[in-house]
Structure formats: C-alpha cells, structure tokens
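Residue-level listing of the chains:
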Amino acid sequence: MSKINRFSLINPNKSPFFYGYVVLIIGSIGVLASIPGQTVGVSVFTDPVKDALGLTRNQFSNAYMIGTLLSAFFVARAGVLFDNYGARYVAFFAAFFLGLSLLLCSVSVEISDKIKSIISFQSWIVPFVLMTILFLFIRFCGQGVLTMASRNMIMIWFDKNRGKVNSISSITVSLGFSSSPILINKLIDNHGWEMSWQILAVCLFIFSICIIQFYRNRPEDFNLKPDGKVKELKNTIKKVKTEKNFTLKQAKNTRAFWMIGLTLAFNSFFITGFTFHVVSIFASQDYSKSQAIAVFVPISIIAISVSTLGNILSDYVYHKIYLYIMLASGVLASFGLLFLSNPIGIYLLIIGLGILGGLFAVVNAVTWYRYYGRKHLGAITGKVMSFLVIASAVAPSLFSYSFTILGSYKYISYITITFILFLSIGSFKVKNPQ
C-alpha cells in the first residue's frame, strides 16, 4: 500500500465516499490541463508567434505538422507505459514536461536569435527547426500522454456507471475546451504571448503536484472495485469469464478497431485544421477575429448536449450507431466549409462540428473499454491516440496549402468527403468483438 501511495498524503481507503468521484474530478481537470498542448491552445498563439519568429503561415504549419508527426511515434509507447506504471506517474511527467516546454516556447525568439548568432546563419530554418522540436514535446505531452492517462484513469474506476460518469466529465471538458480560445486570447491581449505561455507553465507545474497527490491507478489497488463496491472474489471471477481482454495485436485484427479509430482520426483532422486556421478561415470571408473565435460557443453548446445524451444512452444502444452519426456529421461539416461563403455554410459547419465533437467524447472514452476490456487498455488507446496525433499533424499544413496555393480552404472538403465515403463503406460490417 505504501508503494502504491508513495509521495502522497491522500489514502483512498480512508475516504468517506467512493474515491472514484475524486478521480472523476481530478482526471477531468487533467484533460483540461492538456489544453496548452492541444490545437485549441496552440492556435491562438499562431499569428503572434509566427510573426515574432519571422515564419510564414506555411512554415509555421509545417513545423507544427512535423513536430506532431514525430510525437505520434512515441505516443503508442506511452500507452504501454500506462499499462505498466499507471496513470499517476505517466500523467505527472507529462504535465511537468509540458510546462517546461511552454517555458521554452515563451523564450523561443531569444533562443532562435542566440542560435543564429552562434552559428552565423540568419535563416528561417533556425526558428523552424526550433519550433518543430518544441511542438514535438508540446503535442506528445499534452495532446498525447496527459489526455490519454487522465481519460483512461477515469474509465478504469467505473464500470456500470461509466456512461453517466463520462457525461459529467465530457460536459466539463467541452466547456473548458470551447472557452479556452477566448480565455487564452484575452490572456495574450493583456500580457503578451510570452508571458501567457509562462503563466500556463506555472499552472502546469502546480497541477503536476496535484497529480501525485490525487491520481490513483486502479480501484483494485485499494481493495475496491469499479463503481465503489467492496471487491468480491465471486464477482471478480464472473467478470473474468464474461469479459475478454484483447491485446493490441488482437484488437488490430478486428474491423471495429480500424473503422472507429480512423473515424476518430477524421474528427481530429478536421477540427485541428479548422481550429488552427479559424481566424484566417473566417477572415477569408470578411469576418473579424472575435467573430471567428466566437463560433466555438455554439459548437460547444451542441457538443455538450450531444455528448450528455450520448453518454447516458451509451449503456443501452449499439456504439455502431454513434459511428454512423459521426460520419454523417462529418459530411455536414465538410459541406459547411465548402459553402462557407453562404450563411447556410456556417450553420452546417457549426452543427457538423458540434455533433462530431460531442460523439467523439463518447466514442473515444467508452467504446474501447466495452470492445476490448481493461487489461491492455493503455496499449490500445495509445495506438489509437497515435492515429489522432498523425491526423492532427497533417491537418494544419493541408489547410494552409489549400489556402495559399489554391486560394481557398474549401478544397479540403473534397478530401474529407472522399475519406468519409471510404469509412462509410468499411463500417457496414463493424461489430463489437466481445
């Protein structure tokens, strides 16, 4: 017990109520803490940082792409570390190094200028390589590891009430993510982008201490079981017999793994590309920066509503239905971007992204446990997270080149609609491998 509880003053066994509810709260905050490493947290910094470093939009987007792609190679391995060492230590190091990366980002101009003077090489390549490396750490720690560890931990502490609990977490996370561009933009306006990154870094250092104090890996470590009942041998044996725990290799042999994983990756691709260039996308249609950022409010309202309903119903409906709805909402969002010059395009975009984001929170949090069990959850979700990271890596650059070379962001819709058609055909025979 002392080893499991090392460095912490909190003992779940002495909690007057089920400790899983503490895990729910702190785990949801953990997902929110990943925002500086998510696209919604980076996108607001895009214009001031690229201008300060002397990079073009394409160069900055490419640095983001390469850094994120490199991080994808390590995310799957982080899932294995989660299975071996648990959420507590994995999330601690992710939060700490994310904060450290933000500190380095805040002085990136100084670092870039110093390197240029040392090597006597005045070129955009220096800040480009520097930001690529920093994006590697930011994306790996934030979008990849901290998000995965926090979300997995919450799900491990609940079973029967997993859908209801995820609905609570999803509401909190959706509100945080939707409001973050507005709050971070205000922070930048008041303190500048350098100080803003430093403030966020300090918050992450403080939260890393909270992780050690409050994060816990499994209820079984404290003679508890998911949902709060005392662990009973008969129930444990019964569960082992009725639930098959798939390894990553076994999961990859099922159609569901690929179709659901790629659909989630589509969501990551579209929302990342849209969010990263949201100001430019709406500016191309003569909308102001404040109007562009404000679009996240109705999107979040729809996402929260859909997520809440989806989580509540997740215990009673086939998750295959959610997959089809996600694909349909992807079509709406794609047509919305295609016809953004028309007011109907804005409505389609908002509705499509709202539904897509709402169901993403349900499918990515609940489905993997239902389909493949808990034992190898880290390895499976780590692999899926690598899909999401790769998709989010290429999105900003493709959106950027669509605009700078072809003159409009709408051409991305032709790619997304084609991909959705492929996923729709492949998803017809998807079934729960359990």
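All values derive from a computational prediction rather than experimental measurement. (Residues numbered from 1 in each chain as written. Predicted model: local features only at pLDDT ≥ 70, side-chain atom pairs only at ≥ 80, totals over all residues. Heavy atoms only, no water.)

**Observations regarding unusual backbone geometry**
Just so we agree on the cut-off: For the purposes of this entry, the term helix denotes a DSSP run of H or I that reaches at least four residues, the term strand denotes a run of E that reaches at least two, and both are numbered from the N terminus. Relative accessibility thresholds used throughout: buried, under 20% of the residue-type maximum; exposed, over 50%; partly exposed, between the two (1.4 Å probe, protein chains only).
Positive phi, close to 60°, is recorded for asparagine 223, a residue that is not glycine. As for its position among the elements, asparagine 223 is in the loop between α7 (162–214) and α8 (233–242). Taking relative accessible area as the criterion, asparagine 223 reaches 49% and is therefore assigned partly exposed. Phi angles above zero are rare outside glycine, and aspartate 286 is one such case at about 70°. Structurally, aspartate 286 is set in the loop between α11 (278–283) and α12 (289–294).

**Regarding the packing of helix α1 (residues 20–33) against α7**
Let me state the cut-off plainly: Helix axes are fitted to C-alpha atoms over the stretch in contact, other axes to C-alpha atoms as well, and angles between N-to-C directions run from 0 to 180 degrees. The contact rule is simple, with two residues in contact once any of their heavy atoms fall within 4.5 Å.
At their nearest, the axes of α1 and α7 sit 4 Å apart, and the two run at 35° to each other. Mapping the contact onto sequence places Val22, Leu24, Ile26, Ser28, Ile29, Gly30, Val31, Leu32 and Ala33 in α1 and Val165, Ile168, Ser169, Thr172, Val173, Gly176, Phe177, Leu204, Phe207, Cys210 and Phe214 in α7.

**Some thoughts on the confidence of the model for the protein chain**
Stated precisely, the cut-off is as follows: Per-residue confidence from the predictor is reported as pLDDT, which spans 0 to 100.
Residues at a pLDDT of 70 or more form 96% of the protein chain, whose mean pLDDT is 88. Within the model, pLDDT remains below 50 along residues 231–241, and this stretch shows nine contacts once partners closer than five positions in the same chain are excluded.

**Quick notes on the pattern of salt bridges**
Rules: Salt bridges are defined by distance alone: a side-chain nitrogen of Lys or Arg within 4 Å of a carboxyl oxygen of Asp or Glu.
Following the criterion strictly, the structure yields three salt bridges and no others. Note that arginine 57 is salt-bridged to aspartate 47, the shortest N-O span being 2.8 Å. Here aspartate 47 lies in helix α3 (residues 46–53) and arginine 57 lies in helix α4 (residues 57–106), a separation of ten residues in the sequence. What makes arginine 57 buried here is its relative accessible area of 18%. Among the salt bridges present, the one from lysine 50 reaches aspartate 51, with a minimum N-O distance of 3.1 Å.

**Overview of empty space enclosed by the protein**
As a reminder, the rule being used: The distinction between a cavity and a pocket rests on a 1 Å grid over the protein atoms alone: a 1.4 Å probe fits inside a cavity but cannot get out, while a pocket stays open yet meets protein on both sides within 12 Å along at least five of seven lines, and a residue with an atom within 4 Å of a point counts as lining. Grid points are joined across faces, edges and corners, and a volume is the space filled by probe spheres set on the points. Note on residue categories: nonpolar means Ala, Val, Leu, Ile, Met, Phe, Trp, Tyr, Cys or Pro, charged means Asp, Glu, Lys or Arg, and polar means any other residue, Gly included.
On inspection of all chains with the given rule, the structure shows two cavities of 30 Å³ or more. As for the largest cavity, its lining consists of 35 residues, of which Phe177, Asn267, Ile271, Gly357 and Phe360 are closest to the centre. Counting residues per element, the ones that place at least two in the lining of the largest cavity are α2 (39–43), α6 (125–156), α7, α10 (255–276), α13 (296–313), α15 (343–372) and α16 (377–406). Roughly 40 Å³ of volume is contained in the second largest cavity. Lining the second largest cavity are Met148, Arg151, Asn152, Asn364, Thr381 and Met385. A breakdown of the residues in the lining of the second largest cavity according to their chemical character gives two nonpolar, three polar and one charged.

**Re α1**
The line we're drawing: Expected helix span is given by 1.5 Å per residue-to-residue step, counting one fewer step than there are residues.
Helix length check: α1, at 14 residues, gives a terminal C-alpha distance of 19 Å against a target of 20 Å (1.5 Å per residue), a fit within 8%. Summarising burial for α1: ten of the 14 residues are buried, a large majority. For α1, the complete set of buried residues consists of Gly20, Val22, Val23, Leu24, Ile26, Gly27, Ser28, Gly30, Val31 and Ala33.

**What about the packing of aromatic side chains?**
Rules: Side-chain rings of Phe, Tyr and Trp (the six-membered ring for Trp) are treated as a pair once their centres are within 6.5 Å; stacked means planes under 30 degrees apart, edge-to-face means over 60, and tilted covers the remaining angles. The rule for a charge over a ring is simple: NZ of Lys or CZ of Arg within 6 Å of the ring centre, and within 35 degrees of the ring normal.
As enumerated under the stated definition, the model contains 37 aromatic pairs in all. Each ring, one from phenylalanine 92 and one from phenylalanine 93, has its centre 5.1 Å from the other, and the planes form 75°; the classification is edge-to-face. In this structure phenylalanine 93 comes out as partly exposed when scored by relative accessible area, which is 45%. An angle of 75° between the planes, with centres 6.1 Å apart, marks the rings of phenylalanine 274 and phenylalanine 282 as edge-to-face. Phenylalanine 282 carries the same exposure label as phenylalanine 274, and that label is buried. Here the guanidinium or amino end of lysine 244 rests over the ring plane of phenylalanine 246, the centre of that ring lying 4.6 Å away.

**Observations concerning helix α14 (residues 319–338)**
For α14, which comprises 20 residues, the first-to-last C-alpha distance of 29 Å matches the rise-based estimate of 28 Å (1.5 Å per residue) to within 8%. The set of residues buried in α14 consists of His319, Tyr322, Leu323, Met326, Leu327, Ser329, Gly330, Ala333, Ser334, Gly336, Leu337 and Leu338. Residues of α14 that are buried make contact with α10, α11, α13, α15, α16 and α17 (412–426).

**A word on a nonpolar patch on the surface**
Just so we agree on the cut-off: Like charges within 9 Å and nonpolar side chains (Val, Leu, Ile, Met, Phe, Trp, Tyr) within 5 Å are joined into patches, using only residues over 30% in relative accessible area that form no salt bridge. Surface accessibility in these figures is a Shrake-Rupley result with a 1.4 Å probe; residues are shielded only by whichever protein chains are displayed.
Taken together, the side chains of Ile115, Ile118, Ile119, Phe121, Trp124, Ile125, Val129, Ile133 and Phe137 present a nonpolar region at the surface, about 810 Å² in accessible area. Counting residues per element, the nonpolar patch draws most heavily on α6, which supplies four residues. Looking at the element boundaries, isoleucine 118 is found in helix α5 (residues 108–119). Judged by relative accessible area, isoleucine 118 falls into the exposed class, the value being 61%.

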